[in-house]
Amino acid sequence: MMNIELLEKKLTSFQIIIIGFLSVILIGALLLMLPVSSALGQWTSPEEALFTSTSAVCVTGLVIRDTSSYWSAFGQLIIMLLIQIGGLGIISVTAFIATVSGKKISLLQRSMLQDSISAHHIGGIVKMTAFIFKVSFFTEAIGAVMMLPSFCSKFGIKGIWMAVFHSVSAFCNAGFDLMGNKSGAFSSLTALSDDVTIILPISLLIVLGGIGFLTWDDMAVNKLNFKRYRMQSKVILTTTFMLITVPTAIFFFYDFSMLPLKHRLCLSLFQAITPRTAGFNTFDLSLMSSASRALIVILMLIGGSPGSTAGGMKTTTLGVLCSNFMAIVQRKKSPQLFDRRIEDSTVKSAATLMMMYINLTLVGAFLISVYDNVPIETCIFETASAIGTVGLSLGLTPNLSMFSHMILILLMFFGRVGGLTLLFAAVNSTGMEVSRCPIEKINVG
């Protein structure tokens, strides 16, 4: 398993996860550089190949080159495989291959799997991984079958490949599309904005991929008995429901109020779902109001749920911070969710994640704005899209300099691997505090 036995005594599980992501990104970049990967049979620059590979592995969807028109069938296949590996997790994919081939999974490898899918317990982690892959492949297959008639009726035999590609891209919350040759470069799904047979399956795939593997397990075991779900699953499903319905209503009554009802519903629902790290779009975002674009930025930063194919700060982070806010307002000692107390360490981690995402988004936007002389509002949208591993764009990314592309690459990597994973990988656990300083009060607010 990735020759991990040679690294067990030297690296932590978090460090091995990071090395795994970096390795796949570099291999993907090398393959995409080859002439066989481009439609014109030419070499692709290292910058463009690295950016595309990072975006695919980090399931982001930001692109320098239009996926359909620039890349060959081989290049598109490589991109889809990178999306699948990145969406399900490097360690999970490696463990699945090892299990299928009959190899034993060591204790450290099980620990890495636990960290990779954000499981609470190491027990049964191999079974959980097998369950994740079965459900993932089955869901992607069903999604492709649902979209197959519409794609084939529009694009003939090529519709089969398009259905499979878009199903994988949607479930993994990647946002890569193959519509460039049909409706114009970087057009995403705008030409299909009112096609329910495409929009509805993709929306469902995005949501299913973004609610997290542990939530699937809860739903499989407890069915519709919501009271028996883990507290985390309850928070995820409740927060996800609110983050879909409220923005949908806002878009419905604000940006798309002049459109026919069917088109209005499709646009409003999709614009509420896709910013939560999916990256497809069915409407020119530059034509939306500034208030709606600001809402989209917030949704991009929140993202999906832990242990899922989605990125962002996660729905649970929002839930924990909201519960902590209510606890302070109500003068409670500890925040609570669904009659369960939240640990102080969890609140600290949530606050740390929020600060990291906001600060990196703003710093990245500031650097891009200064270097490329671009309005800061547009830059914030692109950097939020990168760190949230979303892929939505106002058309800025293809026109940026190499310096700005490198900033977006770093933000995409940070957003997919996770801020806490990078911190835990960088900080030596032996440096943890064994004593505490005296307390002195400080006023805040």
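Read on for a plain summary of the structure.

Procedures and definitions
Residues numbered from 1 in each chain as written. Predicted model: local features only at pLDDT ≥ 70, side-chain atom pairs only at ≥ 80, totals over all residues. Heavy atoms only, no water. Phe/Tyr/Trp six-rings, centres within 6.5 Å; stacked < 30°, edge-to-face > 60°. Helix = DSSP H or I, 4+ residues; strand = E, 2+ residues; numbered from the N terminus. Buried < 20%, exposed > 50% of the residue type's maximum accessible area, 1.4 Å probe, protein only. Lys NZ or Arg CZ within 6 Å of the ring centre and 35° of its normal.

**Focus on the packing of aromatic side chains**
Applying the stated rule across the entire model yields 12 aromatic pairs. Ring centres 5.0 Å apart and planes at 75° place the aromatic pair Phe-256 and Phe-283 in the edge-to-face group. Of this pair, Phe-256 sits in the loop between helix H12 (231–253) and helix H13 (261–273) while Phe-283 is found in the loop between H13 and helix H14 (290–302), placing the two residues 27 residues apart along the sequence. Relative accessible area serves as the criterion here: at 1%, Phe-256 is assigned to the buried category. Residue class for Phe-283 comes out partly exposed when judged on its relative accessible area of 22%. Members of the aromatic cluster, joined through ring pairs, are Phe-171, Phe-213 and Trp-216. Lys-182 extends its terminal NZ or CZ atom over the ring of Phe-155, reaching a point 5.7 Å from the ring centre. In this structure, Arg-264 is placed above the aromatic ring of Phe-252, and the distance from its NZ or CZ to the ring centre is 3.7 Å.

**What to know about unusual backbone geometry**
Even without glycine at this site, Arg-331 takes up a positive phi of about 60°. The class for Arg-331 is exposed, based on a relative accessible area of 77%. Of note in the backbone geometry, Asn-373 takes a positive phi value of approximately 55° without being a glycine. Topologically, Asn-373 is positioned in the loop between helix H16 (344–372) and helix H17 (376–387).

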